[in-house]
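# Inside the fold
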Amino acid sequence: MVDFIAAFKEGLSAADIADKNKREIASVFEELNKQLTKETDGKVKISIRDSPMSALSLMTVQLSDLSDINKKNMPTNQIISALNPLAKSQENLAHWSQDRNGYPCKISYGNKEHYCEDKPALEESLAKLLQDPIVGESLYKLMHSSD
């Protein structure tokens, strides 16, 4: 006989771990923004946000799913986006995805993909993202959009 109570307890434990991981990921972005705010005088804030799927991405949605699509529940991708809160302008930097457990998560831009199994890997991947010349150009443009 299946032990449903054991499965239930495992689910609660998994939910607790997922919550911890998601809070840890949020704390990495909080630290990133704390440092960026100081360096850019509040002109750059980086976050994960939902973005409507492109037409090409929508083509991969199964036809049975298309009947459920409307403006309220349009499929979305998650992206890492930079915002200049002072100018209310924004630049998309990378694609973001994460497991239901928080980790692993993935950052994709250009032809690069970084898989992050833990906090140190996420921090390193975000640092590499900031070092990318195209991302640097986007951030420069964003910082000067309020000038």
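Further up the page is the structure itself.
Residues numbered from 1 in each chain as written. Predicted model: local features only at pLDDT ≥ 70, side-chain atom pairs only at ≥ 80, totals over all residues. Heavy atoms only, no water.

## Quick word on helix H4 (residues 119–131)
- Between the first and last C-alpha of H4 there are 19 Å, a value that for 13 residues agrees with the 18 Å anticipated at 1.5 Å per step.
- Every buried residue of H4 is listed here: Leu122, Ser125, Leu126 and Leu129. Buried residues in H4, looked at end-on, bunch into an arc of 100 degrees, giving them a common side. In H4, the exposed positions that point more than 90 degrees away from the buried face belong to Pro120 and Gln131.
- In this fold, the buried residues of H4 make contact with helix H1 (4–40), strand S2 (76–84), strand S3 (89–98), strand S4 (105–109), strand S5 (112–116) and helix H5 (133–143).
- Between the side-chain oxygen at the start of H4 and the backbone nitrogen of Ala121 there is a gap of 3.0 Å, and the oxygen is on Asp118. (Helix = DSSP H or I, 4+ residues; strand = E, 2+ residues; numbered from the N terminus. Expected span 1.5 Å × (residues − 1). Buried < 20%, exposed > 50% of the residue type's maximum accessible area, 1.4 Å probe, protein only. Arc of directions from axis to C-beta. Contact = heavy atoms within 4.5 Å. Polar contact = N/O pair within 3.5 Å; in protein donor to acceptor, adjacent residues only side chain to side chain.)

## Re the pattern of salt bridges
- Under the counting rule described, the total for this entry stands at four salt bridges.
- The salt bridge involving Glu113 is made with Lys106; its shortest N-O contact spans 3.7 Å.
- Residue class for Glu113 comes out partly exposed when judged on its relative accessible area of 45%. (Salt bridge = Lys/Arg side-chain N within 4 Å of Asp/Glu carboxyl O.)

## Topic: the packing of H1 against H4
- In contact at an axis separation of 10 Å, H1 and H4 are set at 35 degrees when each is read in the N-to-C sense. H4 is crossed by H1, and the crossing has right-handed handedness. Contacts between H1 and H4 pair Glu24, Ile25, Ser27, Val28, Phe29 and Leu32 from the former with Lys119, Leu122, Glu123, Leu126 and Leu130 from the latter.
- Residue classes in the contact of H1 with H4 are distributed as seven nonpolar, one polar and three charged. (Axes fitted to C-alpha atoms, helices over the stretch in contact; angles between N-to-C directions. Left-handed = near helix turned anticlockwise from the far one by under 90°. Nonpolar A, V, L, I, M, F, W, Y, C, P; charged D, E, K, R; others polar.)

## Considering the side chain of Glu91
- Relative to the helices and strands, Glu91 resides in strand S3.
- There is a polar contact of 3.3 Å between the side chain of Glu91 and the side chain of Lys141.
- Non-local contacts of Glu91, meaning those with residues more than four positions away in its chain, are made with Ser81, Ala82, Ser138, Lys141 and Leu142.

## Considering the sheet that holds S3
- Strand order across the open sheet formed by five strands is S1-S2-S3-S4-S5, with antiparallel pairing between neighbours. Edge positions in the sheet fall to strand S1 (45–52) and S5, since each has one partner strand and no second. The average angle at which neighbouring strand axes cross in this sheet is 35 degrees, direction not considered.
- Inspection of the sheet shows S2 paired to S3 by seven bridges, in the antiparallel sense. Residue Ser81 lies in a different strand from S3, and its bridge partner there is Asn92.
- Of the strands in this sheet, S1, S2 and S3 touch H1, which is tilted by about 125 degrees from S1.
- Where H4 meets the sheet, its contacts fall on S1, S2, S3, S4 and S5, and the angle it forms with S4 comes to roughly 10 degrees. (Pairing = 2+ DSSP bridges.)

Keep in mind that these numbers describe shape and distance, not what the molecule does.
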